[in-house]
Amino acid sequence: MDERKVRESATFPPHVIAEIQRAASEGLYYIRGAGAKRPVPTFDDLVFLGASISRYPLEGYREKCDTNVTIGTRFAKKPIELKIPITIAGMSFGALGANAKQALGHGASAMGTSTTTGDGGMTEEEREASDILVYQYLPSRYGMEPDQLRKADAIEVVAGQGAKPGGGGMLLGQKITDRVAQMRTLPKGIDQRSACRHPDWTGPDDLEIKIQELREITDWEKPIYIKVGATRTKFDTMLAVKAGADAIVIDGMQGGTAATQTCFIEDVGIPTLPAVRQAVEALKELDMHREVQLIVSGGMRTGGDVAKALALGADAVSIGMASLMALNCNAPIYEEDYHALGTRPGSCHHCHTGKCPVGITTQDPELEKRLDPELGAQRVRNYLATLTLECQTLARACGKSHVHNLEPEDMVALTMEAAAMARVPLAGTDWIPGWS
Amino acid sequence: MHTLDLDRMAVRDVNQRLHSDAAGTDTDQRYEILNPMGRHAIAVGLDHPFDVTVRGHAGYYCGSMNKEATVTIDGNAGVGVAENIMSGTVHVTGYASQSAAATGHGGLVVIGGDASARCGISMKGVDIVVGGSVGHMSAFMAQSGHMVVCGDAGESFGDSIYEAQLFVRGSVESLGADCIEKEMGPEHVETVRGLLERAGIDADPAEFRRYGSARQLYNFKIGNIGYY
Ligand SMILES: Cc1cc2nc3c(=O)[nH]c(=O)nc-3n(C[C@H](O)[C@H](O)[C@H](O)COP(=O)(O)O)c2cc1C
Ligand code: SF4
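Counting of residues starts from 1 at the beginning of each chain's written sequence and follows it residue by residue. The order in which chains are written sets their letters, starting at A; the order in which ligands are written sets their numbers, starting at 1. Given that this is a predicted model, residues contribute local features only at a pLDDT of at least 70 and side-chain atom pairs are listed and counted only at 80 or more, while totals for whole chains, interfaces and linings are drawn from all residues. The side-chain figures draw on all heavy atoms in the structure; neither hydrogens nor water molecules are used.

1. Thoughts on the overall build of chain A
Reasoning step 1: In DSSP terms, a helix is any run of H or I states spanning at least four residues, a strand is any run of E spanning at least two, and both are numbered starting from the N terminus. Looking only at helices and strands, chain A features 15 helices and 16 strands.
Reasoning step 2: Its C-alpha atoms give chain A a radius of gyration of 21 Å, within 12% of the compact-globule value 22 Å for 436 residues.
Reasoning step 3: For chain A, the spread of C-alpha atoms along the three principal axes comes to 70 × 60 × 45 Å.
Reasoning step 4: Partly exposed describes any residue whose relative accessible area lies between the buried limit of under 20% and the exposed limit of over 50%, with all areas from a 1.4 Å probe on protein chains only and scaled to the type maximum. Within the span of chain A, comprising 436 residues, buried residues form 60% of the whole.
Reasoning step 5: Between two residues, a contact is recorded if the distance between any of their heavy atoms is within 4.5 Å. For chain A, restricting intrachain contacts to residue pairs at least 6 apart in sequence, the fraction spanning at least 24 positions comes to 66%.
Reasoning step 6: Charge counting follows a simple rule: Lys and Arg are positive, Asp and Glu are negative, and His as well as the terminal groups are ignored. To locate a charge, the coordinates of NZ of Lys, CZ of Arg, CG of Asp or CD of Glu are taken. With 47 positive and 56 negative side-chain charges, chain A shows a spacing of 2 Å between the two charge centroids. Both definitions apply: the radius of gyration is a C-alpha atom measure, and the globule rule equals 2.2 Å times residues to the power 0.38.

Here you go:
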């Protein structure tokens with residue numbers, strides 16, 4: 001056979017053919033974990049300019065570069081103080097095992113930052129492990145209890161998620177143990193669907209009243225966040241501000257999930273990059289930038305990503321998948337178990353199966369043993385410390401004494417798409433496609 | 001009886017008073033709230049066995065997330081009355097708007113008149129007794145607890161229901177996906193009798209019909225594609 005004559009179709013590459021054939025045999029959409037796999041414009045397409053003759057840098061390790069951030073300055077009596085602008089995103093007990101939750105809690109606490117609950121409510125262990133715990137208020141209200149609201153340090157009203165804006169949750173039966181079933185008041189072993197809309201409010205006017213209710217219940221103490229998947233981000237940000245949010249969490253389309261239909265993961269929402277810019281524009285237009293804090297998530301991996309999100313105007317970022325990777329998600333260990341799932345380290349997205357080869361997204365006690373919570377906490381701490389150092393290093397190189405002093409003017413774009421989306425010039429030009 | 005007048009106090013001050021009094025030693029545990037005038041979030045997040053009466057119509061989320069208290073709304077209630085109630089009782093003497101007792105985990109919610117759409121949506125253990133009828137999509141995704149409807153039920157009653165038990169005396173316009181009529185045994189008649197008694201509603205429990213889950217949608221199956 002003449003190999004040169006064998007050409008793969010760009011329209012039908014092998015993974016597309018495989019999906020068509022899977023659909024033909026199963027008759028149901030594919031549900032999986034993790035985030036979008038398609039390429040999208042990201043923070044990789046931006047670079048910092050660094051100091052030069054016109055600007056001077058700060059001395060690394062000697063001159064101070066602060067990283068603290070306060071969230072909830074608008075209305076909350078007790079705003080939360082984070083030592084670093086990097087938080088751990090909402091991931092439910094149920095999707096994650098108890099060891100993973102504990103590791104994230106202790107690791108984040110060691111760095112002075114927050115973790116977040118998820119669908120299914122708050123566990124005692126999680127409250128104990130996390131010095132600062134944000135409590136998610138989700139459409140399903142599984143496990144939602146007023147005592148937990150009162151125990152939380154902040155409340156996050158989830159209107160949507162980057163992996164599935166407009167979609168509800170899913171926890172497949174294989175992950176529903178007695179404890180998870182009991183927390184959610186549902187029978188064991190069923191495929192749990194979570195509603196996509198809140199049961200008692202729709203639209204911005206209702207949301208305003210909902211926020212008022214949550215404040216009344218908690219005596220106006222706690223910061224209230226609103227989390228939305230990135231779609232019509234400018235409008236959503238404005239409406240969230242109008243509804244009275246203390247902070248807004250914007251989750252880009254790359255954002256991870258424990259289990260969602262692939263068509264949602266890959267085909268709905270906009271990338272994190274343009275979403276940050278749109279959210280900041282909305283806040284500035286309302287004169288609310290830094291008054292209502294902006295937390296950004298979806299595909300955050302490095303200190304560079306953090307610094308770039310902050311430079312575009314975010315107050316903090318939030319991390320899901322990468323924090324699991326710090327706990328060995330997709331690490332080349334227990335390879336035979338990845339193979340048994342039909343995948344390999346580096347390509348795993350099988351959180352939905354409950355058979356996580358490294359013991360993170362599982363409720364199976366044998367698999368869970370593969371994640372030592374203490375060691376895990378140390379790894380999360382190390383990872384967050386590295387991100388913080390990287391972010392500070394970049395900020396100092398741009399001459400900034402606080403990471404929040406980074407600004408869009410410190411960056412240029414390497415591609416036209418990123419230039420247009422982030423509204424920074426294409427490198428070596430003054431050109432912002434679509435804007436100048 | 002303590003009197004809190006919303007013409008003179010902000011809702012915020014009324015709620016804070018009710019929260020802070022819970023830790024106090026006053027033996028008079030009865031409160032009346034005057035001039036609610038449709039204000040939202042009145043008497044929310046109570047966690048003490050107070051007896052609170054709201055004299056007039058309340059706005060959204062009155063008595064929400066209640067624990068232990070008895071809250072009576074002497075009038076009509078807006079959206080999400082007794083939302084996520086944990087225990088205690090919330091009693092609306094008049095009518096209730098949408099999503100009454102939504103996601104309630106426990107306790108008793110009584111609506112004297114009709115309740116609008118989505119009554120008992122995602123209920124998780126609460127008992128609901130409605131003197132009149134309930135609107136469409138009531139008991140949607142109802143997980144646990146009981147709903148007793150003395151009048152009729154609107155369209156798609158009990159859609160995607162889990163383990164809650166529903167009882168209707170009148171007609172059901174249509175049943176939602178996976179909701180079916182089930183046999184009304186003597187133990188169910190007793191359950192309804194007990195709930196009617198607790199609600200103070202005079203009706204013959206033998207006249208009710210029972211509805212619940214066919215449990216066909218509990219796991220994703222290709223054969224059920226039309227329901228998803
Ligand atoms: C295993 C897992 C479980 C999640 N569970 C929830 C959840 O319960 N509620 C929620 O709002 N988001 C949930 N998310 C989404 C995260 O909160 C966050 O938006 C996302 O992970 C951020 O993107 P990243 O994974 O690229 O960092 C989950 C994500 C993962 C990976
Ligand atoms: S290794 Fe575990 S946590 Fe990572 S993608 Fe696979 S199943 Fe999910």
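There is more to say, and it comes next.
2. Quick word on the overall build of chain B
Reasoning step 1: Helices and strands together make up the secondary structure of chain B, namely two helices and 11 strands.
Reasoning step 2: Put simply, chain B runs from its N terminus to its C terminus through helices and strands in the order β-α-β-β-β-β-β-β-β-β-β-α-β.
Reasoning step 3: Its C-alpha atoms give chain B a radius of gyration of 18 Å, within 12% of the compact-globule value 17 Å for 228 residues.
Reasoning step 4: Oriented by its inertia axes, the alpha-carbon framework of chain B measures out at about 60 × 35 × 30 Å.
Reasoning step 5: For chain B, with 228 residues in total, the buried portion stands at 57%.
Reasoning step 6: Partitioning the intrachain contacts of chain B with sequence separation of at least 6 by distance along the chain shows that 25% fall at a separation of at least 24.

3. Points about the side chain of A:K227
Reasoning step 1: Checked against the element boundaries, A:K227 lands in strand β11 (residues 224-229).
Reasoning step 2: When neighbours within four sequence positions are excluded, A:K227 is seen to be in contact with A:Q136, A:E156, A:V157, A:V158, A:A159, A:G160, A:Q161, A:V249 and A:D251.

4. Observations regarding the sheet that holds strand β11 (residues 209-213) of chain B
Residues and elements named next belong to chain B.
Reasoning step 1: For two strands to pair, DSSP has to find at least two bridges joining them. One open sheet holds the 11 strands; their spatial order is β1-β2-β3-β4-β5-β6-β7-β8-β9-β11-β10, and the pairing between them is mixed. Edge positions in the sheet fall to β1 (2-5) and β10 (179-182), since each of these pairs with one other strand and no more. The average angle at which neighbouring strand axes cross in this sheet is 15°, direction not considered.
Reasoning step 2: Here strand β9 (residues 165-168) pairs with β11 via three bridges, running antiparallel. Its bridge partner being in β11, L166 is matched across the sheet by Y211. Axes here mean lines fitted to C-alpha atoms, for a helix over just the part in contact, with angles spanning 0 to 180 degrees between N-to-C directions.

5. Structural notes on the interface of chain A and chain B
Reasoning step 1: Contacts between chain A and chain B engage 40 residues on the former and 39 residues on the latter.
Reasoning step 2: Both faces considered, chain A and chain B share a buried interface measuring about 3,500 Å² in area, 57% of it formed by carbon and sulfur atoms.
Reasoning step 3: Criterion for a salt bridge: a side-chain nitrogen of Lys or Arg within 4 Å of a carboxyl oxygen of Asp or Glu. There are four salt bridges connecting chain A and chain B.
Reasoning step 4: With a shortest N-O distance of 3.9 Å, A:R150 and B:D47 are connected by a salt bridge.
Reasoning step 5: Contacts described as polar in this section are N or O atom pairs within 3.5 Å, which, within protein, must combine one atom able to donate a hydrogen with one able to accept it, while residues neighboring in sequence count only if both atoms come from side chains. The tally of links between chain A and chain B comes to 16 residue pairs in polar contact (both at pLDDT 80 or more).
Reasoning step 6: When contributions to the side of chain A that touches chain B are tallied by element, the ones reaching two or more residues are α4 (146-151) and α6 (203-217) of chain A. Put simply, buried area is the surface a 1.4 Å probe can reach on two separate parts but cannot reach once they are joined, added for both.

6. Considering the sheet that holds strand β14 (residues 293-297) of chain A
Each strand in a sheet pairs with another by means of backbone hydrogen bonds, the pair being arranged parallel or else antiparallel.
All names here are of chain A.
Reasoning step 1: Overall, parallel pairing links the eight strands, which are arranged β5-β15-β14-β12-β11-β8-β7-β6 in an open sheet. Here the strands that pair on one side only, and so sit at the sheet edges, are β5 (86-88) and β6 (114-116). Averaged over all adjacent pairs, the angle separating strand axes in this sheet is 25°, with direction ignored.
Reasoning step 2: Of the pairings in the sheet, the one linking strand β8 (residues 154-158) to β11 comprises four bridges and is parallel in character. Each bridged residue has a counterpart across the sheet, and for V157 the counterpart in β11 is I226.

7. A word on the site of ligand 2
Reasoning step 1: Looking at ligand 2, the residues that line it are A:C329, A:N330, A:C348, A:H349, A:H350, A:C351, A:C356, A:V358 and A:T361.
Reasoning step 2: Across the shell around ligand 2, the residue classes break down as five nonpolar, four polar and no charged. Whether a residue is near a molecule or strand is decided by its heavy atoms; if any one of them lies within 4 Å of it, the residue is near. Charged means Asp, Glu, Lys or Arg here, nonpolar means Ala, Val, Leu, Ile, Met, Phe, Trp, Tyr, Cys or Pro, and polar covers whatever is left, Gly included.

8. A look at the site of ligand 1
Residues and elements named next belong to chain A.
Reasoning step 1: Of all residues adjacent to ligand 1, which total 24 residues, the nearest are G90, D251, G299, G320 and M321.
Reasoning step 2: K227 places a polar side-chain atom, nitrogen or oxygen, 2.8 Å from an oxygen atom of ligand 1.
Reasoning step 3: Here G298 contributes a backbone N or O atom positioned 3.5 Å from an oxygen atom of ligand 1.
Reasoning step 4: Here ligand 1 has 610 Å² of accessible area as a free molecule, and 97% of this is covered by the chains. Using a 1.4 Å probe, accessible areas were evaluated by the Shrake-Rupley method; residue-level cover was limited to the displayed protein chains.

9. A few points about the packing of aromatic side chains
Reasoning step 1: What counts as a ring pair is set by centres within 6.5 Å for rings of Phe, Tyr and Trp (its six-membered ring), and what kind of pair is set by the plane angle: stacked under 30 degrees, edge-to-face over 60, tilted for all other angles. In the structure shown here, the tally under the stated rule is five aromatic pairs over all chains.
Reasoning step 2: Ring geometry for A:F75 versus A:W220: centroids 6.5 Å apart, planes at 85°, classification edge-to-face. Placement of the pair is A:F75 in the loop between β3 (69-71) and β4 (80-82) and A:W220 in the loop between α6 and β11, with a sequence separation of 145 residues.
Reasoning step 3: Under the relative-accessibility criterion, A:F75 is labelled partly exposed at 37%.
Reasoning step 4: Exposure remark for A:W220: the relative accessible area of 15% places this residue in the buried category.
Reasoning step 5: The ring of B:Y61 has A:K210 lying over it, and the distance from NZ or CZ to the ring centre is 4.0 Å. As a reminder, the over-ring test applies to NZ of lysine and CZ of arginine, requiring each to be within 6 Å of the ring centre and within 35 degrees of the ring normal.

10. Comments concerning the domain arrangement of chain B
All names here are of chain B.
Reasoning step 1: Each assigned domain of chain B is listed here: domain 1 (1-97) and domain 2 (98-217).
Reasoning step 2: Between domain 1 and domain 2, the C-alpha centre-to-centre distance is 24 Å.
Reasoning step 3: At the junction of the two partners, domain 1 supplies 19 residues and domain 2 supplies 21 residues.
Reasoning step 4: Joining domain 1 to domain 2, the criterion identifies zero salt bridges.
Reasoning step 5: Tallied by class, the residues present in the side of domain 1 that touches domain 2 amount to nine nonpolar, nine polar and one charged. Per the annotation, domain bounds derive from an automatic or database assignment of domains.

11. Notes on the confidence of the model for chain B
Reasoning step 1: Averaged over all residues, the pLDDT of chain B equals 95, while 96% of them reach at least 70.
Reasoning step 2: Overall fold confidence for the complex sits at a pTM of 0.96, while the interface term, ipTM, reaches 0.95. The quantity known as pLDDT measures the predictor's confidence residue by residue, on a range of 0 to 100.

12. Quick word on the environment of A:C329
All names here are of chain A.
Reasoning step 1: Counting through the fold element by element, C329 comes out in the loop between α11 (321-326) and α12 (335-340).
Reasoning step 2: Accessibility expressed as a relative area gives 13% for C329, which makes it buried.
Reasoning step 3: The spacing of C329 and C348 is 19 residues in sequence and 8.2 Å in space, taken between C-alpha atoms.
Reasoning step 4: The residues touching C329, leaving out its near neighbours within four places in the chain, are M321, L324, Y338, V358 and I360.

13. Some words on helix α1 (residues 11-21) of chain B
Reasoning step 1: Along α1(B), the positions that sit buried rather than exposed are B:V11, B:V14, B:N15, B:L18 and B:H19. On an axial view of α1(B), the arc spanned by its buried residues comes to 130°, and they lie on one face.
Reasoning step 2: Buried-residue contacts for α1(B) involve α6 of chain A together with β1, β2 (30-34) and β3 (51-55) of chain B. It is the directions from the helix axis to the C-beta atoms that the arc portrays.

14. Some thoughts on the side chain of A:K400
All names here are of chain A.
Reasoning step 1: With respect to the helices, strands and loops of the structure, K400 is situated in the loop between α14 (373-397) and β16 (411-413).
Reasoning step 2: Judged by relative accessible area, K400 falls into the buried class, the value being 8%.
Reasoning step 3: A distance of 3.4 Å separates a polar atom in the side chain of K400 from the backbone oxygen of N405.
Reasoning step 4: Other than its neighbours up to four places away in sequence, K400 contacts R55, L58, C65, A395, N405, L406, E407 and D410.

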